[in-house]
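Coordinate analysis (summary)
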Amino acid sequence: MGFISHVKEEFQVIQERDPAIKSPMEVLLYPSFRVMLSYRRAHRLYSKGKYFRARRISQKAARKTGIEIHPGAVIGKGFFIDHGSGVIIGETTIIGDNVTLYQGVTLGGTGKETGKRHPTLCDNVMVSAGAKIIGSFTVGENSKIGAGSVVLEEVPPNCTVVGVPGRIVKRDNIKVPRSDMNQVDLPDPIMEDITVLQQENSALCNRLIDLERELRELRCKAGCLGQAGAEVTVPGRKACKAGTEKTIDGRE
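These remarks concern the structure in this document.

Rules behind the numbers
- Residues numbered from 1 in each chain as written.
- Predicted model: local features only at pLDDT ≥ 70, side-chain atom pairs only at ≥ 80, totals over all residues.
- Heavy atoms only, no water.
- Helix = DSSP H or I, 4+ residues; strand = E, 2+ residues; numbered from the N terminus.
- Buried < 20%, exposed > 50% of the residue type's maximum accessible area, 1.4 Å probe, protein only.
- Contact = heavy atoms within 4.5 Å.
- Areas by Shrake-Rupley, 256 points an atom, 1.4 Å probe, with all protein chains shown as cover.
- Phe/Tyr/Trp six-rings, centres within 6.5 Å; stacked < 30°, edge-to-face > 60°.
- Axes fitted to C-alpha atoms, helices over the stretch in contact; angles between N-to-C directions.
- Parallel < 35°, antiparallel > 145°, perpendicular 65-115°, else oblique.
- Nonpolar A, V, L, I, M, F, W, Y, C, P; charged D, E, K, R; others polar.
- Patch = residues over 30% accessible without salt bridge, like charges linked within 9 Å, V, L, I, M, F, W, Y side chains within 5 Å.
- Salt bridge = Lys/Arg side-chain N within 4 Å of Asp/Glu carboxyl O.
- Lys, Arg positive; Asp, Glu negative; His and termini not counted.
- Charge placed at Lys NZ, Arg CZ, Asp CG, Glu CD.
- Polar contact = N/O pair within 3.5 Å; in protein donor to acceptor, adjacent residues only side chain to side chain.

Attention now goes to the overall build of the protein chain. The helix and strand tally for the protein chain stands at four helices and 17 strands. Within the protein chain, the fraction of its 252 residues that count as buried is 38%. Restricting the contact set of the protein chain to residue pairs at least 6 apart, pairs at least 24 apart contribute 34%. Split by element, the accessible area of the protein chain, about 14,900 Å² in all, is 55% carbon and sulfur.

Now the structure itself:
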């Protein structure tokens, strides 16, 4: 794909996914647009073994845009970084088609591995603001990573991950469409667990109140029967008559 084709693709991607854009010329001001043009040049040089020139281009783009993409990373079509500040993409990262990243996202390695040490993002993945994906594993297609999540293990396709560390929340395997950019209405498994505990605690409190009320009623009935001279029978105990000195156990 030539330079002009890359420019046209970046125009189309940004116009499609950012509702804030009002005119096509604004695309030229987007950090994502500028850094991707630099990345394509740097990656081409990196693939030819011209590592210093490739790194020089990528570092220059990082200083200007706040987005650091290693020239060795492999990025597919339709890639978009919204806002972009603080985004880091490591050397062995592989990104599929139609992937979207928001500001503050890190696609990093653990620092202990050699070879493939950065994550692989399949097609149609969305990574929300501030999320960190660390390690050499795959995030399946059509998956969402919630804002501020820290993902440390593989994510199956059609899943949502939230929390620290990231927890997988399946949504009946319903695919997330490319146009679905909602990064707010995501499941919160921790809050769901807290809600269940609150409901169970309320049920136990209500049951305890019912038992205390029943106990008071039984004591009241027992007192009334004792005053009338009737026999009071307590389950598991001997009966006694009111007015005697014997206890329920039969002792004097």
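Next comes the rest of the account.
Here we come to the packing of aromatic side chains. The full count for this structure, using the stated rule, is one aromatic pair. Ring centres of Y46 and Y51 lie 4.9 Å apart, and the angle between their planes is 65°; on these two criteria the pair is classed as edge-to-face. Of the residues examined, Y51 reaches a relative accessible area of 48% and is grouped as partly exposed.

So, about the packing of helix α2 (residues 31–47) against helix α3 (residues 51–65). Packing of α2 against α3 brings their axes to within 8 Å, and their N-to-C directions diverge by 170°. Classified by the angle between their axes, α2 and α3 sit roughly antiparallel to one another. Here α2 contributes P31, R34, V35, S38, R41, A42, L45 and Y46 to the contact with α3, which in turn contributes Y51, R53, A54, I57, S58, A61, K64 and T65. When its residues are assigned to classes, the contact of α2 with α3 shows nine nonpolar, three polar and four charged.

It is worth spelling out a positive patch on the surface at this point. On the surface, R34, R41, R44, K48, K50, R53, R56, K60, R63 and K64 cluster together into a positively charged patch. Every element with two or more residues in the positive patch is listed here: α2 and α3. When residues of the positive patch are assigned to their parent elements, the largest contribution, five residues, is made by α3.

With that settled, consider the side chain of N142. Of note, N142 is situated in the loop between β11 (138–139) and β12 (144–145). The exposure class assigned to N142 is buried, which follows from its relative accessible area of 5%. In terms of polar contacts, N142 uses its side chain to reach the side chain of N158, at 3.1 Å.

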